[in-house]
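# Inside the fold
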Amino acid sequence: MKFIVSSTYLLKQLQVLGGVINNSNTLPILDNFLFELKDSKLTVSASDLETTMASTLDVESDEDGSIALPARLLLDTLKTFPEQPLTFVVEDNNTVEISSNHGKYALAYADGNEFPKAVELDNPSTTTIAGDILATAISKTIFAAGNDDLRPVMSGVFFQFSTEGLTFVATDAHKLVKYTREDVKADQVAEFIMPKKPLNLLKGILATSDDALTIEYNNSNAKFIFDNSVLVCRLIDGKYPNYEAVIPKENPNKLTIDRTQFLNSVRRVSIFSNKTTHQIRLKIAGSELNISAEDIDYSNKAEERLTCDYQGDDMQIGFNSRFLTEMLNNLNADEVQLEMSLPNRAGILTPIDGLDEGEQVTMLVMPVMLNS
């Protein structure tokens, strides 16, 4: 088996696939990339059993075969090469020889048949979506997903597809983000929970792509097909909590404010907050917003006054500054609206501008009890 490929082209594909491989694997074969050669197409795969990703590259060859090559060694070697053609030749003594312009490198390979096969989906449902839209949906929601192993359903992003539009939801019980696209529709209703790892991989790859991407899914797996790559992953099993029930419907108190000004103020004031609760206090009266924090143990405190547009009763409400900062950071609006009902009910943060046609973002943040 022999093929010739460009060093930078191969490295670029392998670096993406390398994101699938775990640092420590139960099966040693998973520390490898699977190289499958057929005619002049080389398909390279990486897997951690839950997620498998494969990319197809054009190479110069007229042979067939499959081998597994050590991922770390290969990546470290390729990073050092300037752009040049590399020739891979499988030798009889169980090694692969790579020839560059200046040298030869031999590495041991494993049998490609030992590599776990990617799951085939039986009669899946299909939806097509633009790559950059999916990347935006992931980056707008994934930061709000939880990390609790005891509640695995909350550690992913909930995909809800319908003929009306697509909805993506993530929550860790302290904050919740719901992202909706009405300009993209699915043929039939479907719901599934995607784990974080494959979503982070997709987010990185698709951010610059406006090509269409096909999602196939059934009850247990989802498959993403784009450009020259395929990603298959196991879905999180379980029922997603009824998130609509926690979004308060009646919120008479509405605060509208410049996002950057609000974000910078929260950041500054939170430096003086208690290091375990990260609590900041918002006191709103008339058109004035007073943001304050205090760390009684160290006698640190800070307070800032901002002008805002406010309709509603005067109120005081406490939030965890880290959650508020994350949410404000994740919006690209110039102005945001914070809707509240009572100091012990969740606040709803929404952007006023900066959205595409058919795009909606609703962020919900739970308050913290204020010590009077």
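Everything below is about the structure shown above.
Residues numbered from 1 in each chain as written. Predicted model: local features only at pLDDT ≥ 70, side-chain atom pairs only at ≥ 80, totals over all residues. Heavy atoms only, no water.

Another point: the layout of surface pockets. Rolled over the atoms, a probe with the dimensions of a water molecule shows which regions are left empty. Of the pockets and cavities examined, the largest pocket occupies roughly 430 Å³. Q279, R281, S292, A293 and E294 are, among the 18 residues lining the largest pocket, the residues nearest its centre. When contributions to the lining of the largest pocket are tallied by element, the ones reaching two or more residues are β19 (279-285), β20 (288-295) and β21 (300-307). Tallied by class, the residues present in the lining of the largest pocket amount to five nonpolar, eight polar and five charged. (1 Å grid on protein atoms, 1.4 Å probe; cavity = no way out; pocket = protein on both sides within 12 Å on 5 of 7 lines; lining within 4 Å. Points joined across faces, edges and corners; volume = space filled by probe spheres on them. Helix = DSSP H or I, 4+ residues; strand = E, 2+ residues; numbered from the N terminus. Nonpolar A, V, L, I, M, F, W, Y, C, P; charged D, E, K, R; others polar.)

Helical periodicity: at 3.6 residues per turn, an α-helix aligns residues three or four positions apart in one direction. Of all the positions in helix α2 (residues 71-79), only A71, L74, L75 and L78 are classed as buried. End-on, the buried residues of α2 take up no more than an arc of 95 degrees, which puts them together on one face. Buried residues along α2 sit in contact with α1 (7-18), β2 (32-38), β5 (65-70), β6 (85-90), β7 (95-99) and β8 (104-108). (Buried < 20%, exposed > 50% of the residue type's maximum accessible area, 1.4 Å probe, protein only. Arc of directions from axis to C-beta. Contact = heavy atoms within 4.5 Å.)

Looking now at the pattern of salt bridges. A complete count under the given rule lists twelve salt bridges for this structure. Among the salt bridges present, the one from D172 reaches K175, with a minimum N-O distance of 2.8 Å. Exposure remark for D172: the relative accessible area of 17% places this residue in the buried category. For R181, the salt bridge goes to D183, with nearest N and O atoms at 2.9 Å. Here R181 falls in the buried class, since its relative accessible area comes to 3%. Taking relative accessible area as the criterion, D183 reaches 42% and is therefore assigned partly exposed. Overlapping salt bridges bring together D172, K175 and E326 as one network. (Salt bridge = Lys/Arg side-chain N within 4 Å of Asp/Glu carboxyl O.)

Further remarks concern empty space enclosed by the protein. For the structure shown, the criterion picks out one cavity of 30 Å³ or more. Computed from the structure, the largest cavity encloses a volume of approximately 60 Å³. Counting only elements with at least two residues in the lining of the largest cavity, the list comes to β4 (51-58) and β17 (229-234). It is β17 that provides the largest number of residues to the lining of the largest cavity, a total of three residues. Here the lining of the largest cavity is built from residues that sort into five nonpolar, three polar and two charged.

This paragraph deals with the packing of aromatic side chains. Enumeration over the complete set of coordinates arrives at 14 aromatic pairs. Ring geometry for F3 against F88: centres 4.8 Å apart, planes inclined by 10 degrees, an arrangement best described as stacked. Placement of the pair is F3 in strand β1 (residues 2-6) and F88 in strand β6, with a sequence separation of 85 residues. With a relative accessible area of 2%, F3 lands in the buried category. Among the residues examined, F88 registers a relative accessible area of 2% and is labelled buried. On the basis of an interplanar angle of 80 degrees and a centroid distance of 5.6 Å, the ring pair of F161 and Y217 is categorised as edge-to-face. Here F161, found in strand β11 (residues 156-161), pairs with Y217, found in strand β15 (residues 212-217); they are 56 residues apart in sequence, far enough to count as distant. The residues F161 and Y217 share a single accessibility class, namely buried. Connected via pairs of aromatic rings, a cluster forms that spans F159, F161, F168, Y179, F192 and Y217. (Phe/Tyr/Trp six-rings, centres within 6.5 Å; stacked < 30°, edge-to-face > 60°.)

This paragraph deals with a negative patch on the surface. Together, D258, D309, D334 and E335 give the surface a local cluster of negative charge. Here E335 lies in strand β24 (residues 335-340). Given the relative accessible area of 35%, E335 is considered partly exposed. (Patch = residues over 30% accessible without salt bridge, like charges linked within 9 Å, V, L, I, M, F, W, Y side chains within 5 Å. Areas by Shrake-Rupley, 256 points an atom, 1.4 Å probe, with all protein chains shown as cover. Lys, Arg positive; Asp, Glu negative; His and termini not counted. Charge placed at Lys NZ, Arg CZ, Asp CG, Glu CD.)

With that settled, the discussion passes to the side chain of N274. One can find N274 in the loop between α5 (259-270) and β19. A polar side-chain atom of N274 sits 3.2 Å from the main-chain amide nitrogen of T277. Not counting residues within four places of it along the chain, the set of residues in contact with N274 comprises Q279, E294, D295 and D297. (Polar contact = N/O pair within 3.5 Å; in protein donor to acceptor, adjacent residues only side chain to side chain.)

On to helix α3 (residues 131-141), then. Counting buried residues along α3, eight of its eleven residues qualify, which places the element largely inside the surrounding structure. All of the buried residues in α3 are G131, I133, L134, A135, A137, I138, K140 and T141.

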